[in-house]
Amino acid sequence: MKFLLRSKTIGMAAHDGLVWRAYALRGSRAEWSVVGRAEEASRNARQLPRKILDFLIQTGARRLRVLLSGDVYMLTTALPEDATDEELHTALAYEAQGETGLDAAGHRLAAVRAHLFGMGGDRQSLLATGFEMEHLERLAADAENEGLIFEGAGSLELAVLAAHAQRAPLRRMLLVRERTSFYVIPENEPQPFAVAMLPIGIDVASDPAARERANRARERLSLQDAMPLSIYTPISAEQMRGRIKPYLGACEGIELTERMAIDELALPINAAGRMGGVDAICPWIGLPPPPRDPHRHGTVIMALVVATTLLWAGMRHYSMTSELSAARADKAAWESLESARKQAASESRALRDRQGALMAKKNLLEHPRHLPPGLLSLLDTLAGNMPVYSSLESIRQRDGGGYEITGLTRWQDGLPQLDAALREMGLREGMRREFGGLESLEGQYAQRFRYTITPGEDRP
């Protein structure tokens, strides 16, 4: 009976920078529940405490997974569909090395497709966290010394995000850590889905430098004051409320949750996630597989290769001799057909050129237009509805019809007026307007906006 319980029990340990928490979960791939928990205060994330290991052994856990805290990066890359998990990992590791500076050979990456959270992420974007190889090897050694199977590590930030996405996908998320916080913004027009690491943490109450960093973070948080905010903290909600409230801006819809409470929801969701790949909502990554022994079964394989090669060579010689005679006959017939094809192609090309010239003249005579369609109406609309503190940068005609508009604004709230005017113009002219988003300009108190006007019926 004890062996059966061990096979159905999985141990999970999580380190948030301050405390190790361990949980025993029991169940199946479809449903897991927490049946035990332990805690040990420790800032050392590189070694499993003795108390945590003893707890896991006592609960009968056979397998161990570890959630570690680390920075989350957003990568945009096209992955091959038929690649193995290790091939995907190699591609991601070198992509991350170029974008974040993580050493591809010395790190293992846990990554997930951003759209799986249901918060508006792009299908080509991935959220990834890197773990040092030496760190994972140390944790694996600690576990294996106690008879536990170390399966791999996952991102604490992404595990909490997975639980948050199921609870409140329309709310912003702020996971507070000791010195920094993991910040997630769901898609909400015109704001796209975004993640960031903000310089605001628990130390804001005790460190003057931390308070200065938190003031800068407040500017970023205040840009989305209209969206409600869920805050997850490793200390009590009451302690955190007094420390962090001055840096949250004017947001009123604030919900504080202690991270231990969210663990109870997050761990069952993520316990059975597949190790490797990018399609699990909480990604897990293990150590690389051991290299294969190149000498194993070498003699037998070599003999099979030689025998197969000789058999194939004999059959191929007979087949190619037969094909050579047929190919010579086909060549003669092909040369005759190729000559006729080239003559027909030359005549067809001349006729198409003449037809094209005639059609161009016909269209010019039937449809004399001195200006592209919709241009005068577009210019009138922009002249009469440009928001205050805003200016037009460029209007560019698109190759397939329509226009691209770029401008600068220092008053974002005036853009709905321009958007409505462009939509009315599009309804009159049979064109569709699309908002291309806002881009903050470094060193300026302005944002660049873009619109695309294309032929077709506009959407409400």
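For every chain, the first residue of the written sequence is number 1, and numbering continues from 1 along that sequence. Residue-level local features of this predicted model are given only where pLDDT is at least 70; pairs of side-chain atoms are given and counted only at 80 or more, and the full residue set underlies all totals for whole chains, interfaces and linings. In computing side-chain values, all of the structure's heavy atoms are included and hydrogens and water are not.

Regarding the overall build of the protein chain
In terms of helices and strands, the protein chain carries eleven helices and 18 strands. We take the radius of gyration over the C-alpha atoms and set the globule estimate at 2.2 Å times the residue count to the 0.38 power. Its C-alpha atoms give the protein chain a radius of gyration of 31 Å, more than 25% over the compact-globule value 23 Å for 460 residues. By its C-alpha atoms, the protein chain is 85 × 85 × 35 Å across when sized along the principal axes. Split into buried and exposed, the 460 residues of the protein chain put 41% on the buried side. Contacts are assigned to residue pairs with any non-hydrogen atoms lying within 4.5 Å of each other. The long-range share in the protein chain, meaning contacts at least 24 apart out of those at least 6 apart in sequence, stands at 63%. Put simply, DSSP marks the helices as runs of H or I at least four residues long and the strands as runs of E at least two long, and each gets a number from the N terminus on. Burial classification: accessible surface area is computed with a 1.4 Å probe over protein chains only, and a residue below 20% of its type maximum counts as buried, one above 50% as exposed, and the rest as partly exposed.

Some words on empty space enclosed by the protein
Cavities and pockets are defined on a 1 Å grid built over the protein atoms alone: a cavity is a set of grid points where a 1.4 Å probe fits but cannot escape, while a pocket is an open set with protein on both sides within 12 Å along at least five of seven lines, and lining residues are those with an atom within 4 Å of any such point. Grid points are joined across faces, edges and corners, and a volume is the space filled by probe spheres set on the points. Here the structure, examined in full by the defined rule, presents two cavities of 30 Å³ or more. Of the voids in this model, the largest cavity is the one considered here, and its volume is about 70 Å³. Every residue lining the largest cavity is counted, 13 residues in all, and those nearest its centre are His89, Leu109, Gly276, Gly277 and Ile285. Elements that contribute at least two residues to the lining of the largest cavity include exactly helix H3 (85-100), strand S6 (107-113) and strand S14 (284-285). Tallying contributions element by element places H3 first for the lining of the largest cavity, with four residues. Residues were grouped as follows: Ala, Val, Leu, Ile, Met, Phe, Trp, Tyr, Cys and Pro as nonpolar; Asp, Glu, Lys and Arg as charged; and all remaining residues, including Gly, as polar. Within the lining of the largest cavity, the residues separate by chemical class into nine nonpolar, three polar and one charged. In this structure, the second largest cavity encloses a volume near 50 Å³. As for the second largest cavity, its lining consists of Asp16, Ser69, Leu156, Glu157, Leu175, Val176, Arg177, Pro234 and Arg259. Those elements that provide at least two residues to the lining of the second largest cavity are helix H5 (156-167) and strand S9 (172-176).

Considering H3
The length a helix should cover is 1.5 Å for every residue beyond the first. The terminal C-alpha atoms of H3, which comprises 16 residues, lie 21 Å apart, in line with the 22 Å expected from a rise of 1.5 Å per residue. Restricting attention to buried positions, one finds in H3 the residues Leu88, His89, Leu92, Ala93 and Ala96. Seen end-on, H3 carries its buried residues on one side only, within an arc spanning 135°. Away from the buried face of H3 by more than 90 degrees, exposed residues Tyr94 and Gly98 are located. The directions from the helix axis to the C-beta atoms are what the arc is built from.

Points about the packing of aromatic side chains
Aromatic rings from Phe, Tyr and Trp, taking only the six-membered ring of Trp, are treated as a pair when their centres fall within 6.5 Å; an angle between ring planes under 30 degrees marks them as stacked, one over 60 as edge-to-face, and anything in between as tilted. Taken as a whole and assessed by the stated rule, the structure comprises two aromatic pairs. Plain terms: the ring middles of phenylalanine 435 and tyrosine 451 are 5.2 Å apart, the flat faces sit at 55° to each other, and that makes the pair tilted. Residue phenylalanine 435 is located in strand S17 (residues 431-440), and its partner tyrosine 451 is located in strand S18 (residues 447-455); the two are separated by 16 residues in the primary sequence. When its relative accessible area of 2% is taken as the criterion, tyrosine 451 is described as buried. Sitting over the face of the ring of tryptophan 284, arginine 65 holds its NZ or CZ atom 5.1 Å from the ring centroid. Should the NZ of a Lys or the CZ of an Arg lie within 6 Å of a ring centre and within 35 degrees of the ring normal, that charge is described as sitting over the ring.

A look at the pairing of strand S4 (residues 63-68)
Extensive coverage of S4 is indicated by the burial of five of its six residues. Pairing analysis gives six bridges linking strand S1 (residues 9-15) to S4, with the strands arranged parallel. The residue of S4 that forms the bridge with histidine 15 is leucine 68. When DSSP locates at least two bridges between a pair of strands, those strands are taken to pair. Taken together, the six bridges between S4 and strand S8 (residues 149-155) define a ladder with parallel strand orientation. The partner of leucine 67 across the bridge, within S8, is glycine 154.

Some words on the layout of surface pockets
The computed volume of the largest pocket comes to approximately 920 Å³. If you go around the largest pocket, you meet 26 residues; those closest to its centre are Leu223, Gln224, Gln412, Ser440 and Gln447. If you list the elements that add at least two residues to the lining of the largest pocket, you get helix H6 (208-222) and S17. Grouping the amino acids of the lining of the largest pocket by side-chain chemistry returns eleven nonpolar, ten polar and five charged.

A short note on the environment of arginine 428
Following the sequence through the fold, arginine 428 ends up in helix H11 (residues 415-429). When the C-alpha positions of arginine 428 and serine 377 are compared, they lie 9.0 Å apart, and in sequence the two are 51 residues distant. Excluding its chain neighbours within four sequence positions, the residues that come into contact with arginine 428 are Ser377 and Thr381. Pairs of N or O atoms are called polar contacts if they sit within 3.5 Å, as long as, within protein, a hydrogen donor faces a hydrogen acceptor (for residues adjacent in sequence, only side-chain-to-side-chain pairs). A distance of 3.4 Å separates polar atoms of two side chains, one belonging to arginine 428 and the other to serine 377.

What to know about the confidence of the model for the protein chain
Scored from 0 to 100, pLDDT reflects the predictor's confidence in each residue. Mean pLDDT over the protein chain stands at 85; residues scoring 70 or higher make up 94%. Long-range and interchain partners of residues 1-6, a stretch whose pLDDT sits below 50, account for six contacts in this model, where long-range means more than four residues apart.

Thoughts on the sheet that holds strand S13 (residues 254-258)
Overall, mixed pairing links the five strands, which are arranged S11-S10-S9-S12-S13 in an open sheet. Of all the strands in the sheet, just strand S11 (194-198) and S13 have a single pairing partner and so form its edges. Between one strand axis and the next, the sheet turns by 15° as a mean value, whatever way the strands run. When strand S10 (residues 181-185) meets S11, the two strands line up antiparallel, connected through five bridges. Residue pairing in the sheet places valine 184 in a bridge with valine 195 of S11. Lines fitted to C-alpha atoms define the axes here, with helix axes fitted over just the stretch in contact, and angles between the N-to-C directions of these axes take values from 0 to 180 degrees. Contacting S9, S10, strand S12 (229-233) and S13, H5 crosses the sheet at an angle of about 145° to S9. Sheet strands in contact with helix H7 (residues 237-244) are S9, S12 and S13, and its direction is about 135° off that of S13.

A look at the sheet that holds strand S3 (residues 32-41)
Spatially, the six strands line up as an open sheet ordered S3-S2-S1-S4-S8-S14, and their pairing is mixed. Because the sheet does not close on itself, it has two edges, and the strands there are S3 and S14. Its contacts with the sheet put helix H2 (residues 50-58) on S1, strand S2 (19-27), S3 and S4, and the angle it makes with S3 is roughly 155°.

What about the pattern of salt bridges?
When a carboxyl oxygen of Asp or Glu is within 4 Å of a side-chain nitrogen of Lys or Arg, the pair counts as a salt bridge. All told, the structure shown has 24 salt bridges when counted by the stated rule. For arginine 63, the salt bridge identified is with glutamate 151, shortest N-O distance 3.1 Å. Note that arginine 63 is positioned in strand S4 and glutamate 151 in strand S8, a separation of 88 residues in sequence. The class for arginine 63 is partly exposed, based on a relative accessible area of 23%. As a salt-bridge pair, glutamate 86 and arginine 108 come within 2.8 Å of each other at their nearest N and O atoms. Of this pair, glutamate 86 sits in helix H3 while arginine 108 sits in strand S6, placing them 22 residues apart in sequence. Glutamate 86 gets classed as partly exposed once you look at its relative accessible area, which sits at 29%. Here arginine 108 falls in the buried class, since its relative accessible area comes to 4%. In this structure, a network of salt bridges that share partners links the residues Glu393, Glu439, Arg448 and Arg450.

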